[in-house]
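Chains, contacts and geometry: an overview
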Amino acid sequence: MLKLFSIVSLAAIFQCASAAATSSTALSGLNTKFTAKGKLFWASFSANEAILESEFGAVTPENSMKWDATESTQGTFTFSGSDYLVDWAISNSKIIRGHTLVWHSQLPSWVSAITDAATLTSVIQTHIANVAGQYSGKLYVCRPLPLRPCILTIYSEVLNDNGTLRSSVFYDVLGESFITIAFKAARAADSTAKLYINDYNLDSNNTKVQAMVALVKRINADEQLIDGIGTQMHLSAGGSSGAAAALAALAEAGIDVAITELDIAGASASDYTTVVDACLSTSACVSITSWGVSDANSWRASSTPLLFDSDYEPKAAYTAVISDLS
Ligand code: 9MR
């Protein structure tokens, strides 16, 4: 049952720290109910194979596809964690949401130290060619859907809350062109994956949401390089109230929108159903990804933000979402 957890590299793949018991409460098929409403998938990551199989339609690597995990030394690529995840997904008929090729965080210091534009361009292109290239053949066959089923987050967190571009080695050395460079490299490496830009605090129709829409329109002006916008939705309690307005505003960019890292402090049932209803009522909203299954392994565990408690039992929020989708 817990085969995944017995794999040595599992912690690096699914980032779970403790053994997971199979829930004793009946599960209801969250992904099945969500996709019955016309959506593509509800994803997550977990060491609990039983819950992933029954409740989720896609998996995402919490950390194992990031730059520090895949190319900590320049030119030396490590795919042990991400390979395991991709292989597991394919053999279990799950869609894969790749995460994340370029991000200012979890970035090796050898990249941060680059000051020359030509060098940094080449380093971004080489990184993406290798990581996206590693999965390009596998990703698009992972599920025989008519939609392009496999998804890569190319760039995470490019914006400040005031809508300006964030200072990072990428922006400081290359200006806004780093985004186009990254997306073109990903498209060249994998022509069938959907390519996403992803950010946080896109939780209401705020300045940052407007800046994201404007940014995507600028980048996509000549050709569609960005296929989707991910709003992470790491919400505080009560923070769901702006979700519908945020999704509607992001949809103005004319591409897919996805909720990519959902967790909600306190996990109130009404916050969760408000977010689900926001996605259901926005046709551009194609998927939801929960940023973990169990509170035990959440990056913000003390705020108990997920649908399953630390014993992997479904919480009231889970039951409410199921009933909302039924
Ligand atoms: O959940 C991830 C955690 O295990 C890492 O320690 C952390 C490092 O910054 O990154 C967490 O995931 C982040 C995601 O990749 C991007 N959006 C914010 C998430 C929470 O920090």
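The chain has the name Beta-xylanase in an unreviewed UniProt entry, where Guyanagaster necrorhizus is given as its organism. Its UniProt record gives the chain a comment under Sequence similarities (unreviewed entry), which states: "Belongs to the glycosyl hydrolase 10 (cellulase F) family." Database annotation for the chain, UniProt heading Catalytic activity (unreviewed entry): "Endohydrolysis of (1->4)-beta-D-xylosidic linkages in xylans."

In this section: the pattern of salt bridges. Pairing between side chains of opposite charge can happen when the charged atoms of each approach one another. Applying the stated criterion across every chain yields a total of seven salt bridges. The salt bridge involving Lys-208 is made with Asp-161; its shortest N-O contact spans 3.2 Å. Residue Lys-208 is located in helix α10 (residues 207-219), and its partner Asp-161 is located in the loop between β5 (151-156) and α8 (169-174); the two are separated by 47 residues in the primary sequence. Asp-295 is the partner of Lys-315 in a salt bridge, and the nearest nitrogen-oxygen pair spans 2.5 Å. Residue Lys-315 is located in the loop between β10 (285-290) and α13 (316-325), and its partner Asp-295 is located in the loop between β10 and α13; the two are separated by 20 residues in the primary sequence. One exposure class covers both Lys-315 and Asp-295, and it is buried. Ionic contacts of the salt-bridge type, sharing partners, join the residues Asp-161, Asp-199 and Lys-208 into one network.

Before going further, it helps to spend a moment on the UniProt feature "active site" (unreviewed entry) in the chain. Per the UniProt entry, the sites bearing "active site" (unreviewed entry) are Glu-261 in this numbering. If you trace the backbone, Glu-261 turns up in strand β9 (residues 256-264). By relative accessible area, which is 6% here, Glu-261 ends up buried. Excluding anything up to four places from it in sequence, Glu-261 contacts His-99, Asn-198, Thr-231, Gln-232, Met-233, His-234, Thr-289 and Trp-291. Polar side-chain contacts of Glu-261 include one of 3.1 Å to the side chain of Asn-198.

Here we take up helix α9 (residues 177-189). Between its first and last C-alpha, α9 extends 18 Å over 13 residues, near the 18 Å set by a 1.5 Å rise per residue. Within α9, the full set of buried residues consists of Phe-178, Ile-179, Ile-181, Ala-182, Phe-183, Ala-185, Ala-186, Arg-187 and Ala-189.

Let's shift gears to the state of the cysteines. A covalent bond between the sulfur atoms of two cysteines is referred to as a disulfide. Taken as a whole and assessed by the stated rule, the structure comprises one disulfide. Paired by a disulfide, Cys-279 and Cys-285 hold their sulfur atoms 2.1 Å apart. The disulfide joining Cys-279 to Cys-285 has a torsion of about -100° about its S-S bond and is therefore left-handed. Assigned by exposure class, Cys-279 and Cys-285 land together as buried.

Along the polypeptide, Leu-307 turns up in the loop between β10 and α13. When its relative accessible area of 3% is taken as the criterion, Leu-307 is described as buried. Once the C-alpha coordinates of Leu-307 and Asp-263 are considered, the two residues, 44 residues apart in sequence, prove to be 8.4 Å apart. Those residues within four positions of Leu-307 in sequence are excluded, and the remaining contacts are Leu-30, Trp-42, Tyr-272, Ser-290, Val-293, Glu-313, Pro-314, Lys-315, Ala-317, Tyr-318 and Val-321.

Turning our eyes to something else, we now look at the site of the ligand. Taken together, 13 residues form the shell around the ligand, and within it Glu-62, Lys-66, His-99, Glu-261 and Trp-291 come nearest. The side chain of His-99 places a nitrogen or oxygen atom 2.7 Å from an oxygen atom of the ligand. A distance of 2.9 Å is found between an oxygen atom of the ligand and a side-chain nitrogen or oxygen belonging to Trp-291. Taken by itself the ligand offers 450 Å² of open surface, and the protein chains cover 76% of this. Along the lines of polarity and charge, the residues of the shell around the ligand split into three nonpolar, six polar and four charged.

The rules behind each value
- Residues numbered from 1 in each chain as written.
- Predicted model: local features only at pLDDT ≥ 70, side-chain atom pairs only at ≥ 80, totals over all residues.
- Heavy atoms only, no water.
- UniProt positions renumbered as here; feature names shortened; annotations may be inferred.
- Salt bridge = Lys/Arg side-chain N within 4 Å of Asp/Glu carboxyl O.
- Helix = DSSP H or I, 4+ residues; strand = E, 2+ residues; numbered from the N terminus.
- Buried < 20%, exposed > 50% of the residue type's maximum accessible area, 1.4 Å probe, protein only.
- Contact = heavy atoms within 4.5 Å.
- Polar contact = N/O pair within 3.5 Å; in protein donor to acceptor, adjacent residues only side chain to side chain.
- Expected span 1.5 Å × (residues − 1).
- Disulfide = S-S within 2.5 Å.
- Near = heavy atom within 4 Å.
- Areas by Shrake-Rupley, 256 points an atom, 1.4 Å probe, with all protein chains shown as cover.
- Nonpolar A, V, L, I, M, F, W, Y, C, P; charged D, E, K, R; others polar.

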